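Now for the letters of each chain:
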Amino acid sequence: VIDCDVHCQPDSLDTLLDHMDPYWRSYVEDATIALGDPGSYPPHLRGDVPTSAAQLTALLDRDGTDLAIVSCLALDGVHRHPDYASAVARGLNDWMRAELLDREPRLRASAVVSTTDIEAAAAEVERIGEDPRFVQVLLPVRSDVPYGNRLYNPIYAAAERRGLRIALHAWGRPGNAPTTTGIAATYLEDYVSNAHVAQNQLLSLVAEGVFTRFPQLGVAVLECGFAWLPPLLWRFDKDWKGVWREVPWIKRRPSEQVREHVRLTTAPGHLPPSPKEVAEVVEMVGPDLLLWSSDHPHEHGPAGAPLLSSVDAQAAAAIGSANAAAFYQVAA
Amino acid sequence: MRVVVCPVREFPDGDRRIVQAGARSIGVFRVGDRFYAIRNRCPHQGGPLCLGRLAPWATADGPGDVHLDETPSLVACPWHGWEYELETGQSFMGPGETRVKAYEVTVERVPGPYVAETYPVHVEEDVVVVEV
């Protein structure tokens, strides 16, 4: 099994500062900054985010996981100072490399970058992407502007050059609209809306031609669900047929671009209760698009196991590890 | 059956005429010095195809890098915007899929599933005539 979404974070800002330029220690102390808490989860599924290789090793042993890709969301809570945000990103990547990857060979990592400085982000992808254990670039699914915008091109170009995938993970920086209609009144709306924001990002990536410009680029949608994909793609194709001349660089059906370039993790899944219906959803989505994930430590409920046991053996093998092995070019 | 449309001098470039041939409604289009006749019924869901707009082919080498042909060669059904080639009636929904790899810029016009009926149309002694 390849687990494509396991969370990690340093146990404190102090730990992170050991991996950062000394200037930032005084900056943090003067500004009384704390490490942002990425735990935007309801109390019953929050859990403790692993902070060490030892904890991750125990987790992999417990679950029988062959390979796990760790994602650190701590940057989401960092404010908008572009130099500080970029320094934290570099620090987190160096912390993951030294404290996690070097200590547990079954780990791969998501490189953290800040979109407050696109050139610095691209440079960081080039720097950390030299290490083949970093397999993707982690971006929050909530963005300043949609991810099809060409301002992100330097990040995509660097990721393509280094052979990294782009990951869009649920949540994002405070201040970025958590829903597709803006700032919501309740946490409940925030929480549910990651799935909708992800859908708009897929529309943007295809419509603005990111996959036309970067044909080797792959995008993984993490922790935003997947059962919503079939009706989205049906509508995307249908309307493209009538208004294609607005976007003539899309030379195949939008659904084909999504199916070629995009993958989605399985937790949470938004699945129906009966195994028969689960199998139908997976068939409609396409089992080749799904990447197994535990989303540890977030407990979305016991739906993961029924997902694999509801589909045939070939689909279960694809979802459990083969899709991730092919997408990330990793061997379990 | 021959349907006389009108004298050429009364049929300006870019214009169209809808004529009736028995039960069939037919759109006759003038593009430059060429005339086209195509059935005024979209094979998709029966929409009035020939009331739709004419458009040239659009191609793009990359995002934002769009080229338009000089003259229109497609008519778009007003119901769903699906486009048909005036000359052949062949449907084209969006630019074709590339026949080679996806990132090659060469565009092959892969046809859609529908073909609208087309008819020979010519000018006889300065009168536009459709052969049905």
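How each quantity is defined
Residues numbered from 1 in each chain as written. Chains lettered and ligands numbered in written order. Predicted model: local features only at pLDDT ≥ 70, side-chain atom pairs only at ≥ 80, totals over all residues. Heavy atoms only, no water. Helix = DSSP H or I, 4+ residues; strand = E, 2+ residues; numbered from the N terminus. Buried < 20%, exposed > 50% of the residue type's maximum accessible area, 1.4 Å probe, protein only. Contact = heavy atoms within 4.5 Å. Buried area = accessible area lost by both parts, 1.4 Å probe. Salt bridge = Lys/Arg side-chain N within 4 Å of Asp/Glu carboxyl O. Nonpolar A, V, L, I, M, F, W, Y, C, P; charged D, E, K, R; others polar.

Enquirer: What is the right way to read unusual backbone geometry from this model?
Expert: Residues and elements named next belong to chain A. A cis amide bond links Ala267 with the next residue in sequence, Pro268, at an omega value of -5°. Cis geometry is adopted by the peptide bond preceding Pro297, which originates at His296 and carries an omega value of 10°. Mapped onto the secondary structure, Pro297 falls in the loop between strand 8 (290-291) and helix 12 (304-310). Notably, Glu223 is not glycine yet its phi reads approximately 65°, a positive angle. Tracing the backbone shows Glu223 in the loop between strand 6 (219-222) and helix 9 (229-243). Among the residues examined, Glu223 registers a relative accessible area of 5% and is labelled buried. If you check the backbone angles, His270 has positive phi at about 65° while not being a glycine. Within the fold, His270 resides in the loop between strand 7 (262-265) and helix 11 (275-285).

Enquirer: Can you walk me through the interface of chain B and chain A in this structure?
Expert: Accessible area lost on assembly of the parts is the figure often given for the size of an interface. The partner chain A presents 19 residues to the 28 residues of chain B that form the contact. Taken over both partners, the interface formed by chain B and chain A buries close to 1900 Å², and the fraction arising from carbon and sulfur atoms is 61%. There are one salt bridge connecting chain B and chain A. With a shortest N-O distance of 3.0 Å, Glu83 of chain B and Arg245 of chain A are connected by a salt bridge. Among the elements of the structure, strand 6 (58-62) and strand 7 (65-68) of chain B are those that each provide at least two residues to the side of chain B that touches chain A. Tallying contributions element by element places strand 6 of chain B first for the side of chain B that touches chain A, with five residues. Taken together, the residues that form the side of chain B that touches chain A break down as 16 nonpolar, eight polar and four charged.

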